[in-house]
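# Structure assessment
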Amino acid sequence: MIIVLDTNVLVSGLLSPFGNSGEIIRMVSTGKLVLEYDSRILSEYREILNRPKFQFNKEMIAAFVEFIKSTGQVVSASPLKIQLPDPDDAPFLEVAIEGDSEYLITGNKKHYPAKYCKEIKVLSPNEFIDTYQKAIASE
């Protein structure tokens, strides 16, 4: 399953590893999910995760970003022709659209109005886990 992961889900998953966001991080780590990304997304991951308030281990962050680079899919995305409520979210939707991601997982669904998302399903971590479990059960 190919996804784009908003930074807020990544941070949440690392801070609370036993919640749904943490489960998504584990699914990425075990290869059940493949992340699509571009240089802007990786840059944001690095910048946010290295903020002192989170106190994440810098070597672990570097290793995780390298893992994403080696197992994920880099996408060269075209700019959106519209303005999202939060312009910083544009790279995530651009990559999801250009890369034909199945899902964009975010804690801020309101930042991704459906009219701009084309065929991309924008889900919260809870919605994604429910969707994933139903898909596995039906196989």
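Up top is the structure these notes are about.
Residues numbered from 1 in each chain as written. Predicted model: local features only at pLDDT ≥ 70, side-chain atom pairs only at ≥ 80, totals over all residues. Heavy atoms only, no water.

## A word on the pattern of salt bridges
Pairing of side chains with opposite charge becomes possible as their charged atoms draw close. Per the counting criterion, the structure on display carries six salt bridges. Note that Arg40 is salt-bridged to Glu94, the shortest N-O span being 2.7 Å. On the criterion of sequence distance, the pair formed by Arg40 in helix H3 (residues 39–49) and Glu94 in helix H5 (residues 90–98) is long-range, its members being 54 residues apart. Across the salt bridge formed by Lys69 and Glu66, the nearest N and O atoms sit 3.4 Å from each other. Taken together, the residues span about one helical turn, with Lys69 and Glu66 both in helix H4 (residues 58–71) at a distance of three residues. Look at Glu66 and you get partly exposed, because its relative accessible area is 43%. Where salt bridges share partners, they join Asp38, Arg40 and Glu94 into one cluster. (Salt bridge = Lys/Arg side-chain N within 4 Å of Asp/Glu carboxyl O. Helix = DSSP H or I, 4+ residues; strand = E, 2+ residues; numbered from the N terminus. Buried < 20%, exposed > 50% of the residue type's maximum accessible area, 1.4 Å probe, protein only.)

## Side note on the side chain of Glu36
Within the secondary structure, Glu36 sits in strand E2 (residues 34–37). Separated by 2.4 Å, the side chains of Glu36 and Ser101 make a polar contact. Not counting residues up to four positions away in its chain, the partners in contact with Glu36 are Ile2, Ile3, Val4, Ile41, Gln73, Val75, Val95, Gly99, Asp100 and Ser101. (Polar contact = N/O pair within 3.5 Å; in protein donor to acceptor, adjacent residues only side chain to side chain. Contact = heavy atoms within 4.5 Å.)

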